[in-house]
Each structure stands twice: as structure tokens, then as C-alpha cells.
Amino acid sequence: MDLELTEAQRETRDLARKFARERLEQIGVEIDRTHRFPAEAIAELGKLGLLGVFIPEEYGGSGLDNVAYALAIEELSVECASTAVIVSAHSSLGCWPILGTGDEGQKRRYLPKMATGEWLGCFALTEPQAGSDAAGQRTRAVLDGDSYVINGSKNFITNGPEAGVCIVFAMTEPDRGHHGISAFIAETSTPGFAVTHVEDKMGIHGAHSAALAFSDMRIPRENLLMREGEGFKIAMKTLDGGRIGIAAQAVGIGRAALEASLKYSQERVAFGRPISSNQAIQWKLADMAVEIDAARLLTLRAAALKDAGQNCTKQSAMAKLFASEAAMKAATEAVQIHGGYGYTKEFKAERYFRDAKITEIYEGTSEIQRLVIAGQMLRNG
Ligand code: CAA
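Remember, it's a predicted structure, so these values are computed and weren't measured experimentally.

Draft legend 1. How the structure looks around the overall build of the chain. Tallying secondary structure elements over the chain gives 11 helices and nine strands in all. Taking 21 Å as the expected radius of gyration for a compact globule of 381 residues, we find that the chain reaches 21 Å, a close match to that expectation. Each of the three principal axes of the chain carries a C-alpha extent, and together these read 80 × 45 × 40 Å. The buried share of the chain, reckoned over its 381 residues, is 55%. The long-range share in the chain, meaning contacts at least 24 apart out of those at least 6 apart in sequence, stands at 74%.

Draft legend 2. Seen up close, the domain arrangement of the chain. Partitioning the chain into structural domains gives domain 1 (7-120), domain 2 (122-229) and domain 3 (232-380). Between the C-alpha centres of domain 2 and domain 3 the distance comes to 30 Å. Listed per partner, the contact involves 15 residues of domain 2 and 14 residues of domain 3. Interface area, domain 2 with domain 3, both sides summed: about 1,200 Å², of which 77% is carbon and sulfur. Taken together, domain 2 and domain 3 are joined by zero salt bridges. Where domain 2 packs against domain 3, one counts two residue pairs in polar contact (both at pLDDT 80 or more).

Draft legend 3. Region of interest: the nonpolar core. One finds Leu-24, Ile-42, Leu-45, Leu-76, Ile-98, Phe-123 and Phe-169 to be the most contacted residues of the largest nonpolar core, which totals 96 residues. No other element matches the 15 residues that helix α6 (residues 231-267) contributes to this core. Apart from the residues lying within four places of it in its own chain, the contact partners of Leu-45 are Phe-19, Leu-50, Leu-51, Leu-76, Thr-83 and Val-87. In this structure, Ala-170, Phe-193, Phe-214 and Met-217 belong to the second largest nonpolar core, which totals 19 residues.

Draft legend 4. View of the site of the ligand. Residues in close proximity to the ligand total 24 residues, the closest being Ser-132, Thr-158, His-178, Arg-243 and Glu-363. The contact in question runs from a nitrogen atom of the ligand to an N or O atom on the backbone of Ser-132, over 2.8 Å. Glu-363 is positioned such that a nitrogen or oxygen atom in its backbone is 2.8 Å from an oxygen atom of the ligand. Summarising the interface, the protein chains cover 73% of the accessible area of the ligand, which totals 1,100 Å² for the free molecule. In terms of residue count, the dominant contributor to the shell around the ligand is α6 (seven residues). Here the residues of the shell around the ligand sort into 11 nonpolar, eight polar and five charged. Built from parts of two domains, the shell around the ligand gets at least three residues from each of domain 2 (122-229) and domain 3 (232-380).

Draft legend 5. Spatial organisation of the pairing of strand β2 (residues 140-144). Two elements, β2 and strand β3 (residues 147-158), share five bridges in a ladder whose sense is antiparallel. By the bridge assignment for β3, Val-142 is matched with Val-149. Connecting the antiparallel pair β2 and β3 is a turn made up of two residues, with Gly-145 showing a positive phi of about 65 degrees.

Draft legend 6. Looking closely at the side chain of Asp-355. With respect to the helices, strands and loops of the structure, Asp-355 is situated in helix α10 (residues 349-359). Among buried Asp, Glu, Lys and Arg side chains, Asp-355 stands out as unpaired, with Arg-351 the closest opposite charge at 4.1 Å. Within the structure, the side chain of Asp-355 is placed 2.7 Å from the backbone nitrogen of Ile-204, a separation counted as a polar contact. Excluding residues that lie within four positions of it along the chain, Asp-355 makes contacts with Ala-81, Gly-203, Ile-204 and Ile-253.

Draft legend 7. Molecular detail of the state of the cysteines. Tallied over the entire structure, the rule returns zero disulfides. In this model Cys-122 remains outside any disulfide bridge; the closest cysteine sulfur is found in Cys-166, 3.6 Å from its own. Not engaged in a disulfide, the cysteine Cys-312 finds its nearest cysteine sulfur in Cys-95; these two sulfurs lie 17 Å apart. On the accessibility criterion, Cys-312 (5% relative accessible area) is buried.

Draft legend 8. Up close: the side chain of Ser-92. Inspection of the secondary structure puts Ser-92 in helix α4 (residues 81-101). At 2.6 Å, the side chain of Ser-92 and the side chain of Tyr-69 are in polar contact. Once you skip the residues sitting within four places of it in the chain, Ser-92 turns out to touch Phe-54, Tyr-69, Pro-97, Thr-238, Gly-241 and Gly-242.

Draft legend 9. A look at helix α2 (residues 39-48). Burial in α2 covers these residues: Ala-41, Ile-42, Leu-45 and Gly-46. Across the axial projection of α2, the buried residues extend over an arc of 145 degrees, all falling on one side. Those residues of α2 hidden inside the fold are in contact with α1 (7-34), α3 (66-79), α4 and α5 (104-116). Of the residues trailing α2, Gly-49 is marked for its positive phi of about 85 degrees.

Conventions we followed
- Residues numbered from 1 in each chain as written.
- Predicted model: local features only at pLDDT ≥ 70, side-chain atom pairs only at ≥ 80, totals over all residues.
- Heavy atoms only, no water.
- Helix = DSSP H or I, 4+ residues; strand = E, 2+ residues; numbered from the N terminus.
- Rg over C-alpha atoms; globule rule 2.2 N^0.38 Å.
- Buried < 20%, exposed > 50% of the residue type's maximum accessible area, 1.4 Å probe, protein only.
- Contact = heavy atoms within 4.5 Å.
- Domains from an automatic or database assignment.
- Buried area = accessible area lost by both parts, 1.4 Å probe.
- Salt bridge = Lys/Arg side-chain N within 4 Å of Asp/Glu carboxyl O.
- Polar contact = N/O pair within 3.5 Å; in protein donor to acceptor, adjacent residues only side chain to side chain.
- Core = buried A, V, L, I, M, F, W, Y, C linked by side-chain atoms within 4.5 Å.
- Near = heavy atom within 4 Å.
- Areas by Shrake-Rupley, 256 points an atom, 1.4 Å probe, with all protein chains shown as cover.
- Nonpolar A, V, L, I, M, F, W, Y, C, P; charged D, E, K, R; others polar.
- Pairing = 2+ DSSP bridges.
- Lys, Arg positive; Asp, Glu negative; His and termini not counted.
- Disulfide = S-S within 2.5 Å.
- Arc of directions from axis to C-beta.

What follows is the structure, given as C-alpha cells:
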């Protein structure tokens, strides 16, 4: 098994690391306070090719792979988990369905503008009553002449307010359960699309999670992805990849919590010596390091499988489950190691704690990941 990164993967990781250290450190602190969307950082990431890492060059992307993408998301997450999830939702959930399931015309129309960030992507699957039960869609799409007319509402949609392109899921045949769901590429400038609410969240304040309303929104017939009834499978395949992005985000947040804890524990003196000289602290640091390393390996394995064109449903769910729980544990320990200061806004530990929590929830809760993993084992061994 080759654990060495290629030169292109290393270069992508180093580019993202440099950008994160130079541009995101301050922005990460500021947008956590102001809840501002980091538009300038996203524009710069577009110029650097980090909004289209796995999009082939012929469609305007960087022509790299999912391993490079995961490494980039980890680096961005160390300094700013909001920016990282904006990039991850755009890439995995906005761009991938077009790249992986779209026809040539759809790829040519959308991917070049998405690779540069001119159009940001979002993924409108979740509805107020259809979260974990993604098949319970109520949004309707009815074919009328050359267009589908969409009516319904979605919520918790990352990038909803800023997206130019929205992958929207809707029932075309409500009697057929998940076989009646179809997926469409919607341009958000189309009449009938509206952002109705932006959530006030615990963390990732710079990434906006919105409720969307679709009111007689007309989408050209050619914007249907694949065929009618394929929407649920498109959503599931998309999430197989999306979970790699969230796993990478969790690895980055966990690493940030560990790095802050290492630094603080060597500086903070109690009972006449740095607290890092205490076994109680060393054991915490060691456990954090082991779990974050293991999480990274699971994440890169899932990304490598996806790059090899193999099914990665189980492996991406494992990576997301393990990495998000490792990030939450690392962030909790980081607050503890920082003591009273860890509970204040003076240090970043409390932000890591708030930002880590969502990785156990979005793109499928930890409970759903366990169901996916067990389901795969029971089906395939
Ligand atoms: N790839 C391809 N097909 C798949 C698949 C996959 N990974 N997983 C399931 N399918 C197919 C099955 O083969 C089956 O096909 P057939 O009926 O033709 O045999 C069909 O889909 C239904 O499968 P299940 O019976 O397993 O489906 P289910 O209704 O029991 O649900 C679930 C399965 C895993 C619970 C699924 O609903 C799920 O993943 N839920 C979580 C949803 C989720 O992650 N939401 C997050 C939204 S995005 C977000 O959070 C971020 C944002 O920005 C909005």
C-alpha cells in the first residue's frame, strides 16, 4: 500500500496550507464574530484553483483528484471551518452531481463557471420533514411543455444565499417513493427561487445555512440530471463523496484543537511547571494525535477509492463518522486543557468545539453513518 502523496497532491496541500495561514487565520476569527460570508476568500480560492480541485481541466478545473481535494479541505479547516465547508458543499455537493451524473451539455454549461467560483453551488435535498429520511421529499416537479415547474421548500442548505447553481431534488412521481425523486440543476437567478431564512447557528458562522422556497420555478427540461426517478441515487452517490469532504473538515478542526492544546500546555504553568509535564495532559494529547491521524488515514482511503472509481459508500461513512467524533473529542479536550480560558472567546478552543459539533450532524448524522456502514456490511459482507 502506497502512503506517499504524489507531487501534485503535496503541492495542493501546501498551497491550501499557505493560503489558510496567510489569509484565513484572521478571517476565521472575524467571521465567527460577525457571521459574514467570506466572499473575498472564496474569490481568491477560485483564482487558486481550489474551487475546482477534482474538476477536469477540460471543464476549467484543476484536473486533480479527491485525495488532493481532501488534503486541501483539511488545511482550510485548520484556520477556518466556515470557509472549508463553503468549499466542500460547493465542490462535493454542487459540482460533483453535474460532473458525475450530468451530460456533456450540462458539464460545459456549468462546470467552468463553478470551477472559478463565478457560480457557487449548493445542494437542496433536506426539507423540514425530510432530514435523515431523505426519501420523504415533498417538493414537487411537474413537466409542463419544455420545462419542469418546481414547488416546495428546503432547509439547512449550505451556500443557499450565495449560490448561483442549486442541485434541487423533487418528486416527479410521488406514488413511487424514492423511485419518484428526480434531480435538477437550477439557476438561482430564475424567478420563483427565494431564500426565506438564514439560520442563526452555534458555529461555522461564515457558512450560511438557508431555507429556500421554490414557487412555480421553471427549470428547462434539459436541466434534469440523468432520467426521472434517478434523483435519490444521485443524492446518495453525491453524499458518498460529500462525506469525504466533511471528514476532511473534521480532521482539520481536530488538528487545530490539538495544535492549540500542544502550544498552550507548554506555555501554561501550574504548580511551578508547564502543564504539559503532567501525565494527565500528555495522555490527552496522545489520544488526540492518534485519533486525528487515524481519521486522516480513513479519509484519504475513502478519497483514494473514489479516485479509483470504486464504491466508497462504506468507507466514506466510516471516515465521516470517525473523523467527526475524533474532532469533537479533540475540541472538548482542547477546551479542558485550556481550563477557564478555554471557555472564553480569548482562545480559539471554544470555536473549535462549536465548529466540530456540526460535523457529527450534517451530510448525515453519526447515527445515519452507522446505519450506512452496517447496511453495507449486511449487504456485501
Ligand atoms: N449509492 C447509490 N445508491 C444508493 C446508495 C448509494 N450510496 N445508498 C442507497 N442507494 C439506493 C439503494 O440501492 C436503493 O435502491 P433500490 O430501491 O433501487 O434498490 C435506494 O437507494 C434506497 O436505499 P435505502 O433503502 O437504503 O434508503 P433509505 O430510504 O432507507 O435511506 C439513508 C437510506 C442512508 C438513511 C439515507 O436516507 C440517508 O443517507 N439519509 C441521510 C441524508 C443526508 O445525509 N442528508 C444530508 C443532506 S446534505 C447536508 O447536510 C449539507 C447541506 O448543505 C444541505
